Amino acid sequence: MSMRQMELEVMRYDPEQDDEPHFQSYSVPCEDDWAILDALNYVKENIDTTLAYRWSCHMMVCGSCGMMVNGEPSLTCKTFIRDLPDKVRIEPLENFPIERDLVVVLDDVMEKLRMAKPFIIRHDEPPPEDQEYTQSRAALYKFKQYTMCVNCMCCYAACPQYALDSSFIGPAVLALAHRYNIDSRDQGKSERLDLLADHDGVWECSFVGACSEVCPKSVDPAAAVQQMKIDGAKEWWKQKLGGGKS
Amino acid sequence: MAIAKKAFVWGLFAAGGTVTAFVFPVLIALFLIVALGIVPEGLRFENIYAFATNWVGKTALFIVISLSLWHAAHRLRVVFHDFGVRMDNAVANAVYLVALIGTVLTAFYLYKI
């Protein structure tokens, strides 16, 4: 396997020692089939053990290794060095406070995720014990793409509205809420819309679509948010005309 | 919490967006042709006037003009937000007021034809 010398410009920040973040360069001998995450692991194991970053599965499932690679929000396990120039700049995800080096604070999004009630809500009786809620294949395909989200938060780093105002609920959480809203087994849509079609909810999205462009799992949060706007507008009329929640 | 009033204006914005996307390019092309001196039979004054005196015509004109105004108003509000103007309430009131006045005037003038 051929090798390639790469220069990694990594953003470093230790809140206990540094006044502000700075860049540190590492020269890394990379194998051709490496992803950026492999190069970071090489740095951690061989050059600088103090480098902090998150990762776990190395197979696009856990969603922990989201970072800015040359300014683009990316899952570093999926960003291969063969697609990149010899010099690569790696920064923590935009729009989030930095905890240390490449690790960001995700508390805001985690709190919003809880608000969105991303689980099936039923109002009527559950099915008998030995049965399940059945669902047609067509009904499954309606929301299946949204189940692919791994909460890597690349979409939040790309979202210009979240950058302007972090009270906006944001793409991934809204897409996950929509996933349950359009699940044929779910009955919690009106409950969720009360929260997510509120002032800081779907309406703050101006449909730039950057979230869908950067999503490493090919989820389309922008579409979900637009569909939720239609649902929200319908629900608003329903509540006004029907005199309450449907 | 409840569904924000933005749901209502977004509905007008979305409807207006659909109308403007389909109708405006055609209108612009047609009136450019007229401005260049080529006036098709259907766009002659008497025919346009007849269209605007008819209730079906009036309704169509009202829908196109008023929804376009609401679309433009909401789009402008978002543009202000994107440019970092942090006075959403003031901006919203101003742009929607213009759209509302435009809507009322449209109804008034169409009624008078």
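Residues numbered from 1 in each chain as written. Chains lettered and ligands numbered in written order. Predicted model: local features only at pLDDT ≥ 70, side-chain atom pairs only at ≥ 80, totals over all residues. Heavy atoms only, no water.

Caption draft 1: Just the pairing of strand β4 (residues 72-75) of chain A, in detail. Pairing between strand β3 (residues 66-69) of chain A and β4(A): four bridges, direction antiparallel. The residue bridging V69(A) from the neighbouring strand is E72(A), located in β4(A). (Pairing = 2+ DSSP bridges. Helix = DSSP H or I, 4+ residues; strand = E, 2+ residues; numbered from the N terminus.)

Caption draft 2: Focus on the confidence of the model for chain B. A residue-level look at chain B finds 99% of positions with pLDDT of 70 or above and a mean pLDDT of 92. The secondary-structure element of chain B with the lowest mean pLDDT is helix α1 (residues 6-35) of chain B, recorded at 92, while helix α4 (residues 88-112) of chain B shows the highest, at 95. (pLDDT = per-residue confidence, 0-100.)

Caption draft 3: Representation of the pattern of salt bridges. Residues and elements named next belong to chain A. Summed over the entire model, instances satisfying the criterion amount to 19 salt bridges over all chains. Two residues, D108 and K112, come together in a salt bridge whose shortest N-O distance is 2.9 Å. You can see D108 and its partner K112 sitting in helix α2 (residues 107-115), four residues apart, about one turn around the helix. Relative accessible area serves as the criterion here: at 31%, D108 is assigned to the partly exposed category. (Salt bridge = Lys/Arg side-chain N within 4 Å of Asp/Glu carboxyl O. Buried < 20%, exposed > 50% of the residue type's maximum accessible area, 1.4 Å probe, protein only.)

Caption draft 4: Spatial organisation of the state of the cysteines. Applying the stated criterion across every chain yields a total of zero disulfides over all chains. Free cysteine: C155(A), not disulfide-bonded; nearest cysteine sulfur from C149(A) at 6.3 Å. (Disulfide = S-S within 2.5 Å.)

Caption draft 5: Main features of the environment of F80(A). Along the chain, the position of F80(A) falls in the loop between β4 and β5 (87-91). In this structure F80(A) comes out as partly exposed when scored by relative accessible area, which is 23%.

Caption draft 6: Structural view of the environment of Q187(A). All names here are of chain A. Here Q187 is to be found in the loop between α6 (171-181) and α7 (189-196). Placed 36 residues apart in sequence, Q187 and A223 show a C-alpha to C-alpha distance of 21 Å. Contact partners of Q187, with chain neighbours within four places excluded, come to I121, R122, H123 and D124. At a separation of 2.5 Å, a polar atom in the side chain of Q187 contacts the main-chain amide nitrogen of H123. (Contact = heavy atoms within 4.5 Å. Polar contact = N/O pair within 3.5 Å; in protein donor to acceptor, adjacent residues only side chain to side chain.)

Caption draft 7: How the structure looks around the nonpolar core. Residue and element names in this part refer to chain A. Core analysis: the biggest nonpolar cluster contains 69 residues, and L8, L40, F96 and Y156 have the highest contact counts within it. Split by domain, this core shows at least three residues from each of two domains, domain 1 (3-104) and domain 2 (107-242). Beyond its immediate sequence surroundings of up to four residues, L40 is in contact with L8, V10, L51, Y53, M67, I90 and L102. (Core = buried A, V, L, I, M, F, W, Y, C linked by side-chain atoms within 4.5 Å. Domains from an automatic or database assignment.)

Caption draft 8: Broad picture of the sheet that holds β5(A). Residue and element names in this part refer to chain A. Read across the sheet, five strands follow the order β2-β1-β5-β3-β4 without closing on themselves; strand pairing throughout is mixed. Either end of the sheet is taken by a strand with one partner, and the two such strands are β2 (22-31) and β4. Shown here is a sheet whose adjacent strand axes are inclined to one another by a mean of 35°, direction ignored. Both strand β1 (residues 3-12) and β2 contribute to a ladder of 10 bridges, which runs antiparallel. Bridge pairing in β2 places R12 opposite H22. Here helix α1 (residues 36-47) sits on the sheet and contacts β1, β2, β3 and β5; the angle it forms with β2, its principal contact strand, is near 105°. (Axes fitted to C-alpha atoms, helices over the stretch in contact; angles between N-to-C directions.)

Caption draft 9: Here's a closer look at a nonpolar patch on the surface. Residues and elements named next belong to chain B. Among the surface-exposed residues, L97, L100, I101, V104, L105, F108 and Y109 lie close enough to one another that they form a single nonpolar patch of about 670 Å² accessible area. With respect to the secondary-structure elements, L97 resides in helix α4. Judged by its relative accessible area of 48%, L97 is partly exposed. (Patch = residues over 30% accessible without salt bridge, like charges linked within 9 Å, V, L, I, M, F, W, Y side chains within 5 Å. Areas by Shrake-Rupley, 256 points an atom, 1.4 Å probe, with all protein chains shown as cover.)

Caption draft 10: Region of the structure containing the interface of chain B and chain A. Taken together, the contact between chain B and chain A spans 14 residues of the former and 20 residues of the latter. Between chain B and chain A, the buried area comes to about 1,700 Å², and carbon and sulfur atoms account for 65% of it. In this assembly, chain B and chain A are joined by one salt bridge. Joining chain B to chain A, the criterion identifies five residue pairs in polar contact (both at pLDDT 80 or more). The biggest single contributor to the side of chain B that touches chain A is α1(B), with four residues. Within the side of chain B that touches chain A, the residues separate by chemical class into eight nonpolar, one polar and five charged. (Buried area = accessible area lost by both parts, 1.4 Å probe. Nonpolar A, V, L, I, M, F, W, Y, C, P; charged D, E, K, R; others polar.)

Caption draft 11: Highlighting the packing of α6(A) against helix α9 (residues 221-242) of chain A. Residue and element names in this part refer to chain A. It is the contact of α6 with α9, at a shortest axis distance of 8 Å, that shows an interaxial angle of 60°. As the angle between them shows, α6 and α9 are arranged oblique. Where α6 crosses over α9, the handedness of that crossing is left-handed. Counted together, P171, L174, A175, A177, H178 and N181 of α6 and P221, A224, V225, Q227, M228 and D231 of α9 form the full contact between these two elements. Among the residues forming the contact of α6 with α9, the class breakdown is eight nonpolar, three polar and one charged. (Parallel < 35°, antiparallel > 145°, perpendicular 65-115°, else oblique. Left-handed = near helix turned anticlockwise from the far one by under 90°.)

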